[in-house]
Amino acid sequence: MSSLSKDLSFLILQFLDEGKLKETVHQLEQESGLFFNVKYVEDLVLSGQWDIVEKYLSGFTKVDDNEYSMKIYFEIRKQKYLEALDKHDRAKAVDILVNDLKVFSSFDEDLFNDLTCLLPLDSFREKEMLACYRDAKSARTIMMVELKKLIEANPIFCEKLQFPEITRSRLRTLINQSLNFQHSLCSNPKQNPDVTLFVDHTCRQSDESYPQLNFSDPLMVSPERTEGFLPRATYGPSQPTPVPVQMPFPASIVNPSNVTHPIPLGGSVSLLSTTNPAPLLNCPGGSEDVLRTRPIGISDRITLPVNTGQSQSHVPTFKISDGLPKTVGRTLNQGSSVMSMDFHPVLQILLLVGTSVGDIVLWDVVSQEKLVSRNFKVWDIGTCSMTLEAALIKDPCVSVNRILWSPNGALFGVAYSKHIVQLYFYYGGNDFQQNLELDAHAGSVNDIAFANPKKQLCVITCGDDKIIKVWDVVTGAKKYNFEGHEAPVYSVCPHNLENVHFILSTSVDGKIKRWFYDILGPMVDCEAPGRCCTKMAYSTDGKRLFSCGTSKYGESFVVEWSEDGVVERVYQGLGKYSSDVIQFDTSKNRFLVVGADFSIKCWDMDNVNLLTSIDADGDLTASPRIRFSKDGMLLAVSANENRIKILGNAYGLWLLRSYESNVGLRTLPKTGTTKLKTRNDETEEVRVTEISGPSQLRSLKLPVQEKADKILRLTYTNSGTAVLALASNAIHLLWKWKQNNDNSSGKATTKVSPQLWQPPSGIMTNDVTDAKPEEAVPCFALSKNDYYVVSASGGKISLFNMQTFKTMTTFMSPPPAATYLIFCPQDNNIIAVGMDDSTIHIYKARVDEVIIKLKGHCKRITGLVFSHALNLLVSSGADTQIITWNCRKWERQCSRFIQIPAGMTTSAVLDTQVHLHQDQMHFLSVHATQLAIYKVKRLQSLKQWTIGESSAPITHATFSCDSNLVYASFQDGSVCIFSASILQLRYRIKPTSYLPPDASPNTYPLVIAAHPQEPNQFTLGLTDGGVHLIEPLKSEAKWHYYPTRWK
């Protein structure tokens, strides 16, 4: 459930509770699973309504979810059983024993037998363990105390026990504000309008006058009508006056100096917050994001009346179509006919193009230069089928049918008109490398798509041989083969709905089929309108399905489909005849765009009538190829004379200009030029931004009650709502951020100071009984659900409960001592433990047993990481060696030593560590002298950055959560930020920007941690025990990184 959906559910719960609809409230609590009402459960328990208690519980947890849930259900059913026995209702007691308590016998048969033995007794109080049982009322009270403890300790109820702090009647207030705003937009507003919530409000034509709003006033009702349309609850708070927010319209729409627009569009949004979100970045554009204020079918134009006492000759207007890219910002001369295009999903100024002669080209649309151009070539003709060889000999001409980036942009695929699919790794700039070549289909490969079934990236292909195939992008192994079409398969569209993965496919005879990965044969079989050759695509949010195609008679259709395979909408406005299959794309869950009739035809998804047509200054092909950038700001369109036009909306054009002049760094002073050596010993000049003052970034020192020892380990919780640190004195520190009006997400932020969390049970402290302090290497690992942490500081390994800070157990007494810990991503019960004797122990917590010891390093283990996509474990050691291990057989696969640059000695500041890239196929190696990017599979070094002779050693480094950046800390206190794909230095943050003026010169970061969801936030753990959270300035929003341009 999305954040706004959760907010809305809480508002509905509040609304129902204020309306005294108690049963409905509890039904919604149970069905949504968002809030567990302990008081309601307590009332049910004390009144003995056991069936209702269990029904309510079932909305949150099941008996076998974990040991706490099992104990909760057991205590309830045991009490029900004892009460039946106390009433001498043997039949009911037997029924409870057989139907309710029998399930626990598989976990504790002795306990079940003890309960069975109570049946023949006249009074169960004869048993010593039940002698103190008085009556049902007192027993229920005692049991409820125990249940509360179990509920609070159960991780399933984490963050579900506290209802958010919401001002009273919040939903009513929001509706009131919305109606007031809609009424302010009416062309002829009435004094006492008729109001309904079933449709957007608009006043009909009327002779009644109403004071019109001056542009200098906020768009809201006049002061004498502050009560609004809905009566406010007598116990509710007064409604806050809306604060006008400057709306950055394009200059062509309004004159910004004359209009103040109150729609809060920028920043994070929460329905629970009563404060106004931050405005958008003050730059042209952004108007495409304005929320609709009336049904699309009524009008696509909003007119704001002006009361100036003069003629209204300058009435500002806003069209829905203003969000579309219409203006030509760049023109690219491709040189051959364009067949397929795709914008990079992250670096959206990069455009990948495939042509009719088999060329693939990577364009930088800002500079209009080709970063890479490759002609078609079979990589290994010896592995190709004889059919392909014969086809190439007969006709060597090959065309690109489809070119496509993977979801994270680390990989792209090319489908050719003869048999072949080629996959490339992309490392940034002009650097990409061959990955896999597949002799995929007999004949043309008509389409490709990337999907992630079973959490493993695959490429899907289809072709003239009427088959759909699914391939592993790492090994090239064929995983699935779908047959059932009676004609060549034209396109594939993978999707997942509620974690059910499937593929939609279309063939040239107009048939549409749906395939599930683990089921042979199609589950859905229907026809496209006109039995046309069609392609399908989902909206950006994956909730709406569209198709576009052309029949053999030249008739074209654009339609929307229901989940049941029924056409819901047929969009109007296409020409009667097309000589080619028309292309289409979707943008921002709002627009449908088709290339047809020498133009670009555009629809609002909610309106079947044509919204607008764009001619892009003319010279478009009859059926232009089109492609939106991911955020919809740019649109690439093929034109005559083998050209590509890049269209932008107001914000897109501003973005192109800002990249061109590098004004994205305008608020950060002092940009220097640094010369770096690349992997090929080429010298490259890059712009490095120096940050030296506290006004140039946002930082927050996390509060501590006592001066802590130096911080040696640091991590965020997986939810991003807390930071956990381990100090050199074996003490853990946990900071939690609360969800409130100032921090609606509840995530870690510099805006709000967190709370240093210390439960009554005390702080978490590692066992150091058998430790050697001078040799101890602290380490810890957090479970995926943030509920457990395993930790060691030279002594035994401790397993802590993160909610209570209690030590659950200890294991593995030294020697050897643990130096690195990591949970297996597929099974939290398996822990890889690096030891100071150079071995790696694979420990199975469930049976408290080391199942195997891996040997290969000759010094202590300093880093471990699992690549579950490749089923490999990567280890690093103090011997500067990196080894990969096969996780199926736990066998050594390959190894290599890090090359220490000549003249540099191995420093004790930091041993070699490894951090996995988001794509699971690459990792970052960190050493005191260097950073390097390697391929996991073959340990091939791809990029390397080495410190200079006078530079301070690296103390730690890690990837940002999206792996686009590398954060590295140094012994001189500075922090450097690199573009990860090419290890290009972008920012150097000096210690004066985050440390106080009186800080010791020996204070510097020992460890750095990246936020798991916010790629531009990181945290530093310092030698003085301080922990500092760092973010870019709000005006910048992110750390910028640009594609490399090699000299």
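Just so you know, these numbers come straight off a predicted model, no measurement behind them. Sequence order as written defines residue numbering, which begins from 1 separately in each chain. Residues qualify for local features only when their pLDDT is at least 70, as the model is predicted, and side-chain atom pairs are given and counted only at 80 or more; totals for whole chains, interfaces and linings, by contrast, use all residues. In computing side-chain values, all of the structure's heavy atoms are included and hydrogens and water are not.

**Details of the overall build of the protein**
Line of reasoning, step 1. In this text, helices come from DSSP runs of H or I with a minimum length of four residues, and strands from runs of E with a minimum of two, each type numbered from the N-terminal end. Across its full length, the protein carries 11 helices and 60 strands.
Line of reasoning, step 2. Considering the protein as a whole, with its 1047 residues, one finds that 55% of them fall into the buried category.
Line of reasoning, step 3. The criterion used for residue contact is that any of the two residues' heavy atoms lie within 4.5 Å. Taking contacts inside the protein between residues at least 6 apart in sequence as the whole, the part at least 24 apart equals 53%.
Line of reasoning, step 4. The protein chains shown are the only cover counted for residues, whose accessible areas, like all others here, come from Shrake-Rupley with a 1.4 Å probe. Accessible surface, the protein as shown: approximately 46,500 Å² in total, 49% of it carbon and sulfur. For every residue, the accessible area obtained with a 1.4 Å probe (protein chains only) is divided by the maximum for its type, and the residue is called buried under 20%, exposed over 50%, and partly exposed between those limits.

**Looking at helix α6 (residues 90-101)**
Line of reasoning, step 1. Listed in full, the buried residues belonging to α6 are A93, I96, L97, D100 and L101. Relative to the axis of α6, the buried residues are bounded by an arc of 115 degrees and lie together on one face. Of the exposed residues in α6, those oriented more than 90 degrees away from the buried face are A91, V98 and N99.
Line of reasoning, step 2. Elements that come into contact with the buried residues of α6 comprise α5 (67-86) and α7 (109-116). Taken from the helix axis, the directions to the C-beta atoms give the arc we talk about.

**Here's the deal with the packing of aromatic side chains**
Line of reasoning, step 1. A pair of Phe, Tyr and Trp rings is counted when the ring centres sit within 6.5 Å of each other, with Trp represented by its six-membered ring. The angle between the planes then sorts it: under 30 degrees is stacked, over 60 is edge-to-face, the rest tilted. Applying the stated criterion across every chain, the model contains 34 aromatic pairs.
Line of reasoning, step 2. For the pair W379 and Y424, a centre-to-centre distance of 5.1 Å together with 80 degrees between the ring planes defines the contact as edge-to-face. With a gap of 45 residues between them, W379 in the loop between β7 (369-374) and α10 (386-394) and Y424 in strand β10 (residues 420-426) connect regions that are remote in the sequence.
Line of reasoning, step 3. The class of W379 is partly exposed, set by a relative accessible area of 22%.
Line of reasoning, step 4. Between F412 and Y424, the ring centres sit 5.0 Å apart and the planes meet at 15 degrees, which makes this aromatic pair stacked. Here F412 is found in strand β9 (residues 411-416), whereas its partner Y424 is found in strand β10, with 12 residues between them in sequence. Y424 matches F412 in its accessibility class, with the two residues each being buried.
Line of reasoning, step 5. Following the ring pairs from residue to residue traces out a cluster consisting of W379, W405, F412, Y424, Y426 and F432.
Line of reasoning, step 6. Here, over-ring charges are defined by two tests on the NZ atom of lysine or the CZ atom of arginine: distance to the ring centre within 6 Å, and angle to the ring normal within 35 degrees. The ring of Y490 carries the charged tip of K535 above its face, separated from the ring centre by 5.6 Å.

**Re the sheet that holds strand β49 (residues 891-897)**
Line of reasoning, step 1. Taken together, the four strands give an open sheet; going across it, the order is β46-β47-β48-β49, and neighbouring strands pair in antiparallel fashion. Where the open sheet ends on each side, the last strands, each with one partner, are β46 (861-867) and β49. Neighbouring strand axes in the sheet, compared pairwise and without regard to direction, differ in orientation by 20 degrees on average.
Line of reasoning, step 2. We call two strands paired when DSSP finds no fewer than two bridges between them. In terms of strand pairing, strand β48 (residues 881-886) meets β49 through six bridges, oriented antiparallel. Note on β49: the bridge partner recorded for N886 is E891. Note on definitions: angles span 0 to 180 degrees between N-to-C directions of axes, and those axes are lines fitted to C-alpha atoms, for helices only across the stretch in contact.

**Let's talk about the sheet that holds strand β60 (residues 1027-1031)**
Line of reasoning, step 1. Read across the sheet, four strands follow the order β33-β60-β59-β58 without closing on themselves; strand pairing throughout is antiparallel. The sheet terminates laterally at β33 (698-701) and β58 (1005-1010), the two strands that pair on one side only. Along the sheet, successive strands turn relative to each other by an average axial angle of 20 degrees, direction set aside.
Line of reasoning, step 2. As paired strands, strand β59 (residues 1018-1022) and β60 are joined by four bridges and run antiparallel to one another.

**Overview of helix α3 (residues 38-46)**
An α-helical segment advances 3.6 residues per turn. Residues three or four places apart therefore align on the same side.
Line of reasoning, step 1. Among all positions of α3, only Y40, V41, E42, L44 and V45 are buried.
Line of reasoning, step 2. If you follow the buried residues of α3, they end up packed against α2 (22-32), α4 (50-58) and α8 (136-153).
Line of reasoning, step 3. Within 3.5 Å is the distance limit for a polar contact, defined as a pair of N or O atoms, with the added protein rule that one can donate a hydrogen and the other accept it, and that residues adjacent in sequence qualify only through two side-chain atoms. Sitting at the head of α3, N37 places a side-chain oxygen 3.2 Å from the backbone nitrogen of K39.

**Digging into the nonpolar core**
Line of reasoning, step 1. Within the largest apolar cluster, 42 residues are counted, with the highest numbers of intra-cluster contacts made by Y81 and L101.
Line of reasoning, step 2. Mapped onto this core, the elements with two or more residues apiece are α3, α4, α5, α6, α7 and α8.
Line of reasoning, step 3. In terms of residue count, α5 provides more of this core than any other element does, 10 residues in total.
Line of reasoning, step 4. Every residue in contact with L101, bar those within four places of it in the chain, is listed here: F74, R77, K78, Y81, I96, F112 and L115.
Line of reasoning, step 5. In this structure, F425, Y427, I448 and F923 belong to the second largest nonpolar core, which totals 33 residues. Working definition of a nonpolar core: buried Ala, Val, Leu, Ile, Met, Phe, Trp, Tyr and Cys residues. They are joined through side-chain atoms within 4.5 Å.

**Notes on the pattern of salt bridges**
Line of reasoning, step 1. In the sections that follow, a salt bridge refers to a side-chain nitrogen of Lys or Arg positioned within 4 Å of a carboxyl oxygen of Asp or Glu. Going through the model one piece at a time under the given rule, you end up with 25 salt bridges.
Line of reasoning, step 2. Residue D395 pairs with K418 through a salt bridge whose shortest N-O separation is 3.8 Å. Within this pair, whereas D395 is found in the loop between α10 and β8 (400-405), its partner K418 is found in the loop between β9 and β10, the two being separated by 23 residues in sequence.
Line of reasoning, step 3. Between D619 and R643 there is a salt bridge; the shortest N-O distance is 3.6 Å. One end of the pair, D619, is in the loop between β27 (612-614) and β28 (626-628); the other, R643, is in strand β30 (residues 643-648), and 24 residues separate them in sequence.

**Examining the packing of α4 against α5**
Line of reasoning, step 1. For the pair α4 and α5, interaxial distance at closest approach is 11 Å and the crossing angle is 170 degrees. As far as their axial angle goes, α5 and α4 are roughly antiparallel. Counted together, W50, D51, V53, E54, L57 and S58 of α4 and I72, Y73, I76, R77, Q79, K80 and E83 of α5 form the full contact between these two elements.
Line of reasoning, step 2. Taken together, the residues of the contact of α4 with α5 break down into six nonpolar, two polar and five charged. For classification, angles of less than 35 degrees are called roughly parallel, those exceeding 145 degrees roughly antiparallel, those between 65 and 115 degrees roughly perpendicular, and all remaining angles oblique. When residues are sorted by character, Ala, Val, Leu, Ile, Met, Phe, Trp, Tyr, Cys and Pro go into the nonpolar class, Asp, Glu, Lys and Arg into the charged class, and all the rest, Gly among them, into the polar class.

**Some points on unusual backbone geometry**
Line of reasoning, step 1. Of note, the amide linkage connecting P814 to P815 takes the cis form, showing an omega dihedral of -10 degrees.
Line of reasoning, step 2. As for its position among the elements, P815 is in the loop between β41 (807-811) and β42 (818-824).
Line of reasoning, step 3. Residue P816 is reached from P815 by a cis peptide bond, and omega for that bond is -10 degrees.
Line of reasoning, step 4. Note that P816 resides in the loop between β41 and β42.
Line of reasoning, step 5. In this structure, L939 takes a positive phi of about 55 degrees despite not being glycine.
Line of reasoning, step 6. On the secondary structure map, L939 appears in the loop between β52 (930-935) and β53 (941-946).
Line of reasoning, step 7. Classification of L939 by relative accessible area gives buried; the value is 4%.
Line of reasoning, step 8. In this model, L983 sits at a positive phi of 50 degrees, which is unusual for a non-glycine residue.

**Considering a negative patch on the surface**
Line of reasoning, step 1. Only residues whose relative accessible area exceeds 30% and that form no salt bridge enter a patch; like-charged residues are grouped when within 9 Å of one another, and nonpolar side chains (Val, Leu, Ile, Met, Phe, Trp, Tyr) when within 5 Å. Neither His nor the chain ends is counted toward charge; the positive residues are Lys and Arg and the negative residues Asp and Glu. To locate a charge, the coordinates of NZ of Lys, CZ of Arg, CG of Asp or CD of Glu are taken. Taken together, the side chains of D108, E109, D110 and D114 define an acidic patch exposed on the protein surface.
Line of reasoning, step 2. Structurally, the position occupied by D108 is in the loop between α6 and α7.

**A few points about the packing of α5 against α7**
Line of reasoning, step 1. It is at 12 Å that the axes of α5 and α7 come closest, and there the two elements cross at 15 degrees. In terms of their interaxial angle, α5 and α7 are classed as roughly parallel. Both α5 and α7 take part in a crossing whose hand is right-handed. In this structure, α5 uses F74, K78 and Y81 to contact α7, whose residues at the interface are L111, L115 and T116.
Line of reasoning, step 2. Residues that form the contact of α5 with α7 fall into these classes: four nonpolar, one polar and one charged. In this scheme, a crossing is called left-handed if the near helix is turned counterclockwise away from the far one by less than a right angle; it is called right-handed if the turn is clockwise.

**Describing the pairing of β41**
Line of reasoning, step 1. Pairing geometry for strand β40 (residues 797-801) and β41, over four bridges, is antiparallel. For L799, the partnering residue across the bridge sits in β41 and is T809.
Line of reasoning, step 2. Hairpin connection of β40 to β41: five residues between the antiparallel strands, including F805 at a positive phi of 70 degrees.

**Quick word on the side chain of Q920**
Line of reasoning, step 1. Mapping Q920 onto the fold places it in the loop between β50 (913-916) and β51 (922-927).
Line of reasoning, step 2. Among the residues examined, Q920 registers a relative accessible area of 15% and is labelled buried.

**Structural notes on the environment of D541**
Line of reasoning, step 1. Looking at the secondary structure, you find D541 in the loop between β20 (533-538) and β21 (545-550).
Line of reasoning, step 2. On a C-alpha basis, the gap between D541 and K588 in space is 8.2 Å, while along the polypeptide they are 47 residues apart.
Line of reasoning, step 3. In this structure the side chain of D541 is engaged in a polar contact, spanning 3.0 Å, whose partner is the backbone nitrogen of K543.

**Let's talk about the side chain of S599**
Line of reasoning, step 1. Position of S599 among the secondary structure elements: in strand β26 (residues 599-604).
Line of reasoning, step 2. Not counting residues within four places of it along the chain, the set of residues in contact with S599 comprises V594, I614, L620 and P624.

**Some details on the environment of V833**
Line of reasoning, step 1. Locating V833 in the fold gives a position in strand β43 (residues 827-835).
Line of reasoning, step 2. Note on V833: relative accessible area 0%, which makes it buried.
Line of reasoning, step 3. Once the C-alpha coordinates of V833 and L821 are considered, the two residues, 12 residues apart in sequence, prove to be 4.8 Å apart.
Line of reasoning, step 4. Dropping the residues within four chain positions of it, V833 is found in contact with I797, M812, A818, Y820, L821, T839, I840, H841, Y843 and L864.

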